[in-house]
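Notes for the structure review
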Amino acid sequence: MKKHYIILLIATLIIGTTIWSCKKDDLTLSTDFTNKINLPVPFLKSLKISARDLIEKLDSASSEYLFVDNDSLINFKYDTAFSSEWNDLVEFNELTAENNFDISVVKNKNVKVDYTFYDSILVSFIDGQRFDSVKIAEADLILDVQTPPSGITGNYTFRLPGLVKNGSAVEFTNTDMASVSEFHATENLNGSWMYFDQKDSNSYLIIEITVEVYPSGGTPSGSGLAFQMNITELKPDLIFGYFGSMDVIEETQEFPLDFFESLDLPAEIKFKAMSIDIGINNYFGVPLGVRVDSMVFVKEGEEPKQIFIDPIEEIKAAEYGDIIVPVHDSILINESTADGLMNAINSSPEKVYIELVGKINPKDIDTTNFIAADNLIEGDVTIKIPLWFNTTKYIRNDTMSFKIDTAQLKYVEDVTLKFNFDNSFPFDISAQAYVINEQGDSLGTVFEARINLIKSPDNPAIGTYREPKKSSLEVMISSSRLLELYRQDGYNIVLNSWVQVGDYDNDIYVKLLSTDFIDVGLKFIGSSGELN
């Protein structure tokens, strides 16, 4: 059975359900007479359908996008989320240093020689970024040192003044190079801090190596101290510095707008409003500039409609503390801030693409930023379209079949259908019905062309509840007419219906409320003749 929802309550759901049931069902006009009856024989039927009922009957793929706001207005809503993590803003590769230093001794003299060497590890890999300090969540340090295996003795100390664990700089010492020429050490750095030196707009972790060497007899087998140091599996907890001005969120969000099709909404409906709300929770101590580069509305077979949004919204940086409270802000895009937005949505697009960009430090003012690595910049984009619309151009055509019981038709003089409507939906419905044969040839109308079948309330454009408007209709079909239709194979009724909401050309719009309903009362009255 074809689903008829929301706006399509008009016509087949109202008229089809109450007169001819659903499209695949047949109507049998018959009465059961056992004696002479000249009085009317009524058949009563009533039906009440509310807008909320219709929402609940939608399949889940469509109903999940509909909600009722505090003003009882039914809305379509679709949202999606996005986020940015610490490694979208900064880059920490595995920190590695290796070098070879000359530790020659004085030949033929038992003289101590002191050496001090410095090396460094570059930790800033993106132009314009500066790192001041990092608290380490997880990391391991691995150090390997090789000295000449013979002919030299002494000691050395590897010290990292900027790597602090339990209040002291991390260091490693070999007190006897003559016995230990290959030195290996590891250190767990969880909970440690790294403090960086700045030079030439770059940040470095400094390594300091002090060496004391003596000849130990014979010719030394070498004069080099070679080392390799790695800080592996580095996961920061907190990062302080200035992280530069760059795009860290570059997202193209896709929103399917197939609710136009799933709700069977025609292109002739014009919506009054649409909004796109971009909400941001900034947990990072970095100001964030958010902008929508463009929105592209796409419909197969048509040129995409592109809308550009000028404003850039700056989300302030969060403040550092034991508990980091995010800064929340939002950007609202609607028909007053985006030229062409309503023309685009009223083209019944199938999808809309939103290009979203987030830039840290948009003013590029050097200050101290911070990141707590277990936090995020998180946000969501919500498209909302209230069912606030108008239309006068929607015409619907439905074909329904019926049967005529000729065995009892001779006992029926005529059939009268009496309708009573209580309608609070904000639209008028007019209709025309005619009978066709199997070849599609018209056999005449059932009732006068385009009668005003159902009327809207007096003030359909205002309020959160509307008093229903009463209207009624009577249609009489004679037995001779029924017999004529039977002889002409007239077993199908075509129902054309027109919906009018406000004034399409003068932009008068109405709202579809969850409190809207239509109450239909239907009475069949068959007048019989004399039994023979």
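None of these values were measured; they are calculated from a predicted model. (Residues numbered from 1 in each chain as written. Predicted model: local features only at pLDDT ≥ 70, side-chain atom pairs only at ≥ 80, totals over all residues. Heavy atoms only, no water.)

1. Quick word on the overall build of the chain
Stated precisely, the cut-off is as follows: Numbering of helices and strands runs from the N terminus; a helix is a DSSP stretch of H or I covering at least four residues, while a strand is a stretch of E covering at least two. Between buried and exposed lies partly exposed: a residue is buried under 20% and exposed over 50% of the maximum accessible area for its type, with that area taken using a 1.4 Å probe on protein chains only. In what follows, a contact means two residues having at least one pair of non-hydrogen atoms within 4.5 Å. Here the accessible surface of atoms and residues is derived via Shrake-Rupley with a 1.4 Å probe, and residues count as covered only by protein chains that are part of the display.
When its secondary structure is counted, the chain shows 8 helices and 33 strands. When the 532 residues of the chain are sorted by exposure, 48% land in the buried category. Considering only contacts within the chain whose residues lie at least 6 apart along the sequence, 85% involve residues at least 24 apart. For the chain, the exposed surface amounts to about 25,700 Å²; the carbon and sulfur share of it is 44%.

2. Details of the packing of aromatic side chains
Worth spelling out the cut-off: Think of it this way: a Phe, Tyr or Trp ring, Trp meaning its six-membered ring, pairs with another when their centres are within 6.5 Å, and the plane angle makes it stacked under 30 degrees, edge-to-face over 60, tilted otherwise.
One pass over the structure, following the stated rule, counts 13 aromatic pairs. With 6.2 Å between their ring centres and 10 degrees between their planes, F101 and F227 make a pair best called stacked. Placement of F101 in strand β5 (residues 95-102) and of F227 in strand β14 (residues 224-242) is noted, with a sequence separation of 126 residues between them. F227 gets classed as buried once you look at its relative accessible area, which sits at 3%.

3. So, the nonpolar core
Going by this rule: Definition of nonpolar core: a set of buried residues of the types Ala, Val, Leu, Ile, Met, Phe, Trp, Tyr and Cys, connected through side-chain atoms within 4.5 Å.
The biggest cluster of nonpolar side chains holds 109 residues, and the ones touching the most others in it are F92, F158, M194, F227, I278 and M295. The element best represented in this core is strand β7 (residues 130-146), accounting for 7 residues. Residues in contact with M194, not counting those within four places in the same chain, are L95, D132, S133, V134, I136, G162, L163, L205, I231 and L234. The next biggest cluster of nonpolar side chains, apart from the first, holds 6 residues, and it includes F240, A318, I324 and A372.

4. Digging into the sheet that holds strand β21 (residues 327-334)
Stated formally: Note on pairing: two strands pair once DSSP finds at least 2 bridges between them. Angles run from 0 to 180 degrees between N-to-C directions of axes, and those axes are lines fitted to C-alpha atoms, restricted for helices to the stretch in contact.
Reading across the sheet, the 5 strands line up as β3-β4-β24-β17-β21 and stay open at both edges, with antiparallel pairing between neighbours. Both edges of this open sheet fall to β3 (66-68) and β21, since each of them pairs with a single strand only. Between one strand axis and the next, the sheet turns by 30 degrees as a mean value, whatever way the strands run. Relative to strand β24 (residues 377-386), strand β4 (residues 74-84) is paired through 10 bridges, and the arrangement is antiparallel. Across the sheet, Y78 pairs through a bridge with I383, a residue of β24.

5. With respect to the pairing of strand β17 (residues 275-282)
Of all 8 residues in β17, 6 are buried, a share of seventy percent or more. Relative to β21, β17 is paired through 8 bridges, and the arrangement is antiparallel. Directly across from D277, in β21, lies its bridge partner L332. Pairing between β17 and β24: 8 bridges, direction antiparallel. Paired with I278 across the bridge in β24 is V381.

6. Some thoughts on the pattern of salt bridges
To be explicit about the condition: By salt bridge we mean one thing: a side-chain nitrogen of Lys or Arg within 4 Å of a carboxyl oxygen of Asp or Glu.
The full count for this structure, using the stated rule, is 13 salt bridges. D237 is paired through a salt bridge with K135; the nearest N and O atoms lie 3.9 Å apart. Here the residue D237 occupies a position in strand β14, and K135 occupies one in strand β7, the gap between them amounting to 102 residues. In this structure D237 comes out as partly exposed when scored by relative accessible area, which is 26%. On the basis of relative accessibility, which here comes to 26%, the residue K135 falls in the partly exposed class.

7. A word on empty space enclosed by the protein
If a probe the size of a water molecule is rolled over the atoms, the empty space left behind becomes visible. Put simply, the rule reads: Think of a 1 Å grid over just the protein atoms. A cavity is a set of points where a 1.4 Å probe fits yet cannot get out, a pocket is an open set with protein on both sides within 12 Å along at least five of seven lines, and lining residues have an atom within 4 Å of a point. Grid points are joined across faces, edges and corners, and a volume is the space filled by probe spheres set on the points. Each residue is assigned to one class: nonpolar for Ala, Val, Leu, Ile, Met, Phe, Trp, Tyr, Cys and Pro, charged for Asp, Glu, Lys and Arg, and polar for all the others, Gly among them.
With the rule as written, the count across this model stands at 1 cavity of 30 Å³ or more. Taken as a whole, the largest cavity encloses approximately 40 Å³ of empty space. As for the largest cavity, its lining consists of F297, V298, K299, E302, E303, P304, K305, S347 and P349. Here the residues of the lining of the largest cavity are counted per class, giving 4 nonpolar, 1 polar and 4 charged.

8. Brief notes about the environment of A226
Relative to the assigned elements, A226 resides in strand β14. Expressed as a C-alpha distance, the spacing of A226 and E98, which sit 128 residues apart in the sequence, is 7.5 Å. Those residues in contact with A226, other than ones at most four positions away along the chain, are N99, N100, D144, V145 and Q146.

9. Some points on unusual backbone geometry
With a phi close to 55 degrees, D200 is a non-glycine residue in the positive phi region. Unusually for a residue other than glycine, S348 sits at a positive phi of about 55 degrees. Assignment of secondary structure puts S348 in the loop between α6 (341-345) and β22 (351-360).

10. So, the side chain of E208
The line we're drawing: Here the positive residues are Lys and Arg and the negative ones are Asp and Glu; neither His nor the chain ends is included. Polar contacts, as counted here, are pairs of nitrogen or oxygen atoms within 3.5 Å of one another; within protein the pair requires one atom able to donate a hydrogen and one able to accept it, and residues that are adjacent in sequence qualify only if both atoms are side-chain atoms.
Structurally, the position occupied by E208 is in strand β13 (residues 202-215). For the buried E208, which has no salt bridge, the nearest side chain bearing the opposite charge is R159, at an N-O separation of 4.1 Å. A polar side-chain atom of E208 sits 3.3 Å from a polar atom in the side chain of Y118. With residues up to four places along the chain from it excluded, the contact list for E208 reads T116, F117, Y118, T157, F158, R159 and P161.

Keep in mind that these numbers describe shape and distance, not what the molecule does.
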